[in-house]
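# Fold and geometry: a report
Spelled out from the first residue to the last, the chains are:
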Amino acid sequence: MAEAVRFVCSDCGKTIEAWSDGNPYYIDENGQKQYAYHPDHENLARCIGNDSPHLCLDCGDEFLVDSRTPRLECPQCGEKDIVSTFELDGRPCPYCKKGAFHMDRNFLMIS
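Please read these numbers as outputs of a predicted model, since none were measured by experiment.

## What to know about a nonpolar patch on the surface
Together, Tyr35, Tyr37 and Leu64 line one region of the surface with nonpolar side chains, adding up to about 270 Å² of accessible area. Its place among the elements puts Tyr35 in strand β4 (residues 33-35). The exposure class assigned to Tyr35 is partly exposed, which follows from its relative accessible area of 35%.

What follows is the structure, given as structure tokens:
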């Protein structure tokens, strides 16, 4: 079961939603990534990796990190201060550079 949360910047109000399970994928017969999500249990069982949404805390770039070839730096600016979007609680906002992200306790989605 997947859980979605929303993080809100305490200063500028920027919001980012994140799912607990990221983007699980398998490779199809043509060698292409195919994403599988709950409740597609048949294709979820075929998954061999996960593209996890991340945020650069320096430039604000949002990008995916592949569990099979993890990256340790932002593809946009090269900084190493990156974080999974599901783990933004308490992290500084890269957009306004003043606030911090906090979980919106009034938002929760379960799939």
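The discussion continues.
## Digging into the environment of Asp11
Take Asp11: it is sitting in the loop between β1 (3-9) and β2 (15-19). Classification of Asp11 by relative accessible area gives partly exposed; the value is 47%. Taking the C-alpha atoms as reference points, Asp11 and Lys98, 87 residues apart in sequence, are found 6.4 Å from one another. If we ignore the near neighbours within four places in the chain, the residues touching Asp11 are Cys96, Lys98 and Gly99.

## Side note on the pairing of β2
Note on strand geometry: in a regular strand, side chains alternate between the two faces of the sheet. Side-chain alternation along β2 places Ile16 and Ala18 on a buried face and Thr15, Glu17 and Trp19 on a face that remains uncovered. As paired elements, β1 and β2 share five bridges and run antiparallel to each other. Directly across from Arg6, in β2, lies its bridge partner Glu17. From the end of β1 to the start of β2, which pair antiparallel, there are five residues, and Gly13 there has a positive phi angle of about 80 degrees.

## Section: the packing of aromatic side chains
Scanning all chains against the criterion turns up two aromatic pairs. Arranged with centres 6.4 Å apart and planes meeting at 20 degrees, the rings of Tyr35 and Tyr37 form a pair that is stacked. By relative accessible area, Tyr37 is classed as partly exposed at 38%. Chaining the aromatic ring pairs together yields one cluster made of Tyr25, Tyr35 and Tyr37. The ring of Tyr25 carries the charged tip of Lys33 above its face, separated from the ring centre by 4.4 Å.

## Topic: the state of the cysteines
Counted by the stated rule, this structure contains zero disulfides. Of the cysteine sulfurs around Cys12, a residue in no disulfide, the closest is that of Cys9, at 3.7 Å. Exposure remark for Cys12: the relative accessible area of 40% places this residue in the partly exposed category. No disulfide involves Cys77; its sulfur sits 3.7 Å from that of Cys56, the nearest cysteine.

Criteria and thresholds
Residues numbered from 1 in each chain as written. Predicted model: local features only at pLDDT ≥ 70, side-chain atom pairs only at ≥ 80, totals over all residues. Heavy atoms only, no water. Patch = residues over 30% accessible without salt bridge, like charges linked within 9 Å, V, L, I, M, F, W, Y side chains within 5 Å. Areas by Shrake-Rupley, 256 points an atom, 1.4 Å probe, with all protein chains shown as cover. Salt bridge = Lys/Arg side-chain N within 4 Å of Asp/Glu carboxyl O. Helix = DSSP H or I, 4+ residues; strand = E, 2+ residues; numbered from the N terminus. Buried < 20%, exposed > 50% of the residue type's maximum accessible area, 1.4 Å probe, protein only. Contact = heavy atoms within 4.5 Å. Pairing = 2+ DSSP bridges. Phe/Tyr/Trp six-rings, centres within 6.5 Å; stacked < 30°, edge-to-face > 60°. Lys NZ or Arg CZ within 6 Å of the ring centre and 35° of its normal. Disulfide = S-S within 2.5 Å.

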